[in-house]
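# A closer look at the structure
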Amino acid sequence: MALLEMHEWYDLTRATNWTPAYVDEEALFPPALSDPFGIAVEQWETFDEPYKVSYRDYVETQRDKDIGAYSVKSALARADFFKKASPHWKALLALHFSPIGFAEFHSASAFARMTRFSRAPGMRNMATFGTLDEMRHGQIQMYFAYEFIKHDRVFDWAHKSSKTENWIIISLRHALDDIEHTRDAISAAIMTNFAFEQGFTNLQFIGLSADAAKAGDHTFATMLQSIQTDEARHAQIGTPLISIMIENGRKAEAQRLVDVGFWRIWKQFSALSGISMDYYTPLEFREHSLKEFMHEWVVDQFARNIKALGLDLPWYWDYFLHDIETFHHSQQIGVYIYRATEWWRPIACVSPAERDWLEEKYPGWNDTYGKCWDVVIDNIRQGRFERTVPEVPPLICNMCGLEVTGVAGTGRQVNGRRWNATDFHLDHEGRRYHFCSEPCKWVFELEPARYQGHRSIIDRVLDGTVPPGPDGFYEYMGQSFEERGVCGYDYQWIDGYDPPRAAAAE
Amino acid sequence: MAEIPLAVLLEGDYGYKVQVFDTADTMAQLAEKVAEQVAGVLVAPFPPEAVLKVRVQGADDPLPDDLTIAGAGFVEMESVEIYRAG
Ligand SMILES: [Fe+2]
Ligand SMILES: [Fe+2]
């Protein structure tokens, strides 16, 4: 008997809403979890997924993708790529695998909630596949990371990181809990599938994969592409939802979800992809700068998607354009100088040649961030290693959990830029909150009750949650002595600075 | 006299630091303590003749050198900037 074509049966089988007999509709789909916007179920039933797939096709495609990724991996495992990789590439792999692996796996839970609570049958179908996607590529990333454990204990953190109170993990978890795991099915989907996945995953999974292919890490490149095809499909859940929201008079609510979700995830990608692309990728393999990737995929493409849907650009768009060129440069300084608080081996990536590249891509870099690095470099050259690490901790944003930073420099007018780090603070119910940016503060002010109880890692030091003593901080963050980051190049990255100095002395 | 943490930014640094002071510290002492921690680590050491001033973030003018933290009425984690006069 011949099988029907998908278009002949899809609409019929998608109509899976029913009239509950044992409980009422509200008990089955509590508004707080299913739809706080009060949109009629008939409207949700108009959800039409842009990319339709049957379970049979889904399984077949996923199986082929797995075979592709795993066969590349096993063919290349013997090549001992990792052993020969530079500290640059090792740091980049660590920075990708250790925060992301388990976070992806955990996303399966967010998609499963969409499947359970959405009143749109088409969305439930897509979210079911999304759940399976996140399990697949959460597992694949942990499995691929674990291959390296025999060479490097850092990759233990692909799973372990999620269970620790390390400051970087607190930052990531706060953002993902906020947008994926603690909202109703519709809000979580708009924030996760639209703002996060359509907005940013190209950056990490296509941009980084291009760098990886260039660097000859074909296992990593293939794995990243394999993940991106999952993301590209389930990211589309967001688009019909936004249309339904707008058609039913909920544009302002949809806009706010996009604005909040986009900002929260930008901060994470700024640090993660920003450091990966502009610093950790070896100079000869850099395809584009973060700024160039951001302009192509986010500022142009994603902005077009936003407008095509009938939404506006987020109100902070100009500030965001400025942030693309600034935030990650400061974060990279902090990540290097506070390296003991990280589990991998951070690298500085500011050799003379790398600085030339940074200056070319970000004019003014040497007169701003470069000034801080000059002091670090001088201390290393003079053998004052203890002065390369500040004794005082940084101020941490009470929203994004990253450092409160700005444009570094001399404090005087420099190339039109000024030393301008601003702590956007707010006094609320007897406590002073600090924010790295106006949008981080704005997110807090929208829902203070939602955010006010959270304490940053620095708040936890000050209130005694973190045990005192030299080891208390590391123990709290789950880092044994061996798990405290040291310079990935053992300071030898400054060698490039010696010839010019010798030449000057002659 | 009591301990008080403040959010401090030394001119030229890439970001804020958190440092604990004594409420009896004057602005001059506060500036010196911040410079001890950050100048020569992230900001080039200041020349000996440099005079450092303290202002609350967002303010135009510095606070008097001999004003104490208690006298200035800083709240816990007040944000202050330390910068070179002139
Ligand atoms: Fe994913
Ligand atoms: Fe922030």
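Residues numbered from 1 in each chain as written. Chains lettered and ligands numbered in written order. Predicted model: local features only at pLDDT ≥ 70, side-chain atom pairs only at ≥ 80, totals over all residues. Heavy atoms only, no water.

### Observations regarding the pairing of strand β1 (residues 3-10) of chain B
Residues and elements named next belong to chain B. Going by this rule: Between buried and exposed lies partly exposed: a residue is buried under 20% and exposed over 50% of the maximum accessible area for its type, with that area taken using a 1.4 Å probe on protein chains only. Per the convention used, a helix needs a DSSP run of H or I reaching at least four residues, while a strand needs a run of E reaching at least two, with both numbered from the N terminus. A pair of strands is considered paired only if DSSP assigns at least 2 bridges between the two.
β1 sits mainly inside the fold: 7 of its 8 residues count as buried. As paired strands, β1 and strand β2 (residues 17-22) are joined by 6 bridges and run antiparallel to one another. Residue pairing in the sheet places E3 in a bridge with D22 of β2. Joining the antiparallel neighbours β1 and β2 is a turn of 6 residues, in which G12 adopts a positive phi near 100 degrees. In terms of strand pairing, β1 meets strand β4 (residues 79-84) through 4 bridges, oriented parallel. Its bridge partner lying in β4, L9 is registered against E81.

### With respect to the coordination of the iron ion (ligand 2)
Residues and elements named next belong to chain A. The line we're drawing: The donor definition counts N, O and S atoms within 2.8 Å of each metal and applies 3.2 Å to Na, K and Ca; water is not among these atoms, so some sites may look incomplete. Any site counts as irregular unless it has four donors with all angles between 85 and 135 degrees, making it tetrahedral, or four or six donors with opposite ones more than 155 degrees apart and the rest between 65 and 115, making it square planar or octahedral.
Coordination of the iron ion (ligand 2) by the protein involves C397 (SG), C400 (SG), C436 (SG) and C440 (SG), with metal-donor separations of 2.3 to 2.4 Å. Considering all 4 donor atoms around the iron ion (ligand 2), angles at the metal cover 102 to 117 degrees and the coordination shape is tetrahedral. Linear spacing of the donor residues for the iron ion (ligand 2) on their chain is C-x2-C-x35-C-x3-C. Of this pair, C397 sits in the loop between α19 (369-381) and β1 (424-428) while C440 sits in helix α20 (residues 438-446), and the two are 43 residues apart along the sequence. The burial state of C397 is the same as that of C440; both residues are buried.

### Some points on the environment of V258 of chain A
All names here are of chain A. Note the following rule: Contacts are assigned to residue pairs that have any heavy atoms within 4.5 Å of one another.
Considering the arrangement of structural elements, one finds V258 in helix α14 (residues 251-280). Owing to a relative accessible area of 1%, V258 belongs among the buried residues under this scheme. Along the primary structure V258 and V375 are separated by 117 residues, whereas in three dimensions their C-alpha atoms are 41 Å apart. Once residues lying within four places of it in the same chain are set aside, the contact partners of V258 are I190, F194, A195, I242, L311 and Y316.

### Considerations on the packing of helix α10 (residues 167-181) of chain A against α14 of chain A
Residues and elements named next belong to chain A. Going by this rule: Whenever a helix is involved, its axis is fitted only over the stretch in contact; in every case the axis is a line through C-alpha atoms, and angles between N-to-C directions fall within 0 to 180 degrees. For classification purposes, an angle smaller than 35 degrees is called roughly parallel, one larger than 145 roughly antiparallel, one from 65 to 115 roughly perpendicular, and anything else oblique. If you view the pair so one helix is near and one far, a crossing is left-handed when the near helix is turned anticlockwise from the far one by less than a right angle, and right-handed when it is turned clockwise. Any residue that is not Ala, Val, Leu, Ile, Met, Phe, Trp, Tyr, Cys, Pro, Asp, Glu, Lys or Arg is counted as polar, Gly included; the first ten are nonpolar and the last four charged.
For the pair α10 and α14, interaxial distance at closest approach is 10 Å and the crossing angle is 160 degrees. With respect to their mutual orientation, α10 and α14 come out roughly antiparallel. For the pair α10 and α14, the sense of crossing is left-handed. Listed contacts from α14 to S171, L172, H174, A175, L176, D178 and I179 of α10 are G261, R264, I265 and Q268. Partitioning the contact of α10 with α14 into residue classes produces 5 nonpolar, 4 polar and 2 charged.

### Points about the side chain of D133 of chain A
All names here are of chain A. How we decide: Whenever two N or O atoms come within 3.5 Å, that pair is a polar contact, provided that in protein one can donate a hydrogen and the other can accept it, and provided that, for residues adjacent in sequence, both atoms are side-chain atoms.
Within the element layout of this structure, D133 appears in helix α8 (residues 121-146). A relative accessible area of 0% means that D133 is categorised as buried. Side-chain polar atoms of D133 contact the side chain of Q62, separated by 3.3 Å. At a separation of 2.8 Å, a polar atom in the side chain of D133 contacts the side chain of H234. In this view, D133 contacts Y58, Q62, D230, R233 and H234; residues no more than four positions away in its chain are not counted.

### Quick notes on the coordination of the iron ion (ligand 1)
Residues and elements named next belong to chain A. Looking at the metal site, the iron ion (ligand 1) is ligated by E104 (OE), E134 (OE), E134 (OE), H137 (NE2) and E231 (OE), spaced 1.9 to 2.7 Å from it. Taken in chain order, the donor set of the iron ion (ligand 1) reads E-x29-E-x2-H-x93-E. Separated by 127 residues along the polypeptide, E104 in helix α7 (residues 87-117) and E231 in helix α12 (residues 218-234) bring together distant segments of the chain. Owing to a relative accessible area of 2%, E231 belongs among the buried residues under this scheme.

### Some details on the sheet that holds β2 of chain B
Residues and elements named next belong to chain B. Spatially, 4 strands are ordered β2-β1-β4-β3 in an open sheet, and the strand pairing comes out mixed. The open sheet terminates on both sides in strands that have one partner only, identified here as β2 and β3 (52-56). On average, each strand axis in the sheet is inclined to that of its neighbour by 40 degrees, with strand direction left out of account.

### Here we look at the interface of chain B and chain A
Here is the rule we go by: Computed with a 1.4 Å rolling probe, the buried area is the accessible surface lost when two parts are put together, summed over both parts. Salt bridge, as used here, is a side-chain nitrogen of Lys or Arg placed within 4 Å of a carboxyl oxygen of Asp or Glu.
Across the contact, 33 residues belong to chain B and 36 residues belong to chain A. For chain B, the biggest contributors to the area lost against chain A are Y14, V18 and V41 of chain B; these three give 28% of the whole. Note that E78 of chain B is salt-bridged to R432 of chain A, the shortest N-O span being 3.2 Å. Elements with a minimum of two residues in the side of chain B that touches chain A: β1, β2, α1 (27-38) and β4 of chain B. Looking at the side of chain B that touches chain A element by element, the count peaks at 5 residues for β4 of chain B. Along the lines of polarity and charge, the residues of the side of chain B that touches chain A split into 16 nonpolar, 8 polar and 9 charged.

### Focus on the confidence of the model for chain A
Residues and elements named next belong to chain A. Condition: pLDDT is defined as a per-residue confidence score from the predictor, taking values between 0 and 100.
Across chain A, the average pLDDT comes to 92, with 96% of residues at 70 or higher. The low-confidence segment residues 412-417 (pLDDT under 50) makes 14 contacts with residues lying over four places distant or belonging to another chain. Note that residues 501-506 has pLDDT below 50 and, in this model, 2 contacts with residues that lie over four places away or in other chains.

### Structural notes on unusual backbone geometry
All names here are of chain A. Even without glycine at this site, C349 takes up a positive phi of about 60 degrees. Residue placement: C349 occurs in the loop between α17 (327-337) and α18 (352-361). Take C349: its relative accessible area is 3%, and that puts it in the buried class.

### Remarks on the pattern of salt bridges
All names here are of chain A. On inspection of all chains with the given rule, the structure shows 37 salt bridges over all chains. Of the charged contacts, one joins E287 and K214 as a salt bridge, the two residues approaching to 3.7 Å between their closest N and O atoms. On the criterion of sequence distance, the pair formed by E287 in the loop between α14 and α15 (290-308) and K214 in helix α11 (residues 185-214) is long-range, its members being 73 residues apart. The salt bridge involving R250 is made with E253; its shortest N-O contact spans 2.8 Å. Linked through salt bridges whose partners overlap, the residues forming this network are K65, D66, D133, R136, D230 and R233.

### Observations regarding the packing of aromatic side chains
Residues and elements named next belong to chain A. Formally: Each aromatic pair joins two rings of Phe, Tyr and Trp (for Trp, the six-membered one) with centres within 6.5 Å, and gets the label stacked for planes under 30 degrees apart, edge-to-face for over 60, and tilted for any other angle.
In the structure shown here, the tally under the stated rule is 40 aromatic pairs over all chains. A ring pair is formed by F97 and F148, whose centres lie 6.4 Å apart and whose planes are at 65 degrees; its orientation type is edge-to-face. Pair noted here: F97 is in helix α7 and F148 is in the loop between α8 and α9 (157-160), with a separation of 51 residues, a long-range link. You can call F97 buried: its relative accessible area is 2%. Between F385 and Y491, the aromatic rings sit 4.7 Å apart at their centres with planes inclined by 25 degrees, giving stacked as the arrangement. Of this pair, F385 sits in the loop between α19 and β1 while Y491 is found in the loop between α23 (472-476) and α24 (498-505), placing the two residues 106 residues apart along the sequence. For Y491, a relative accessible area of 19% puts it in the buried group. Aromatic rings pair up to connect F194, F196, F200, F262, W266, F269, F302, W317 and F320 into one cluster.

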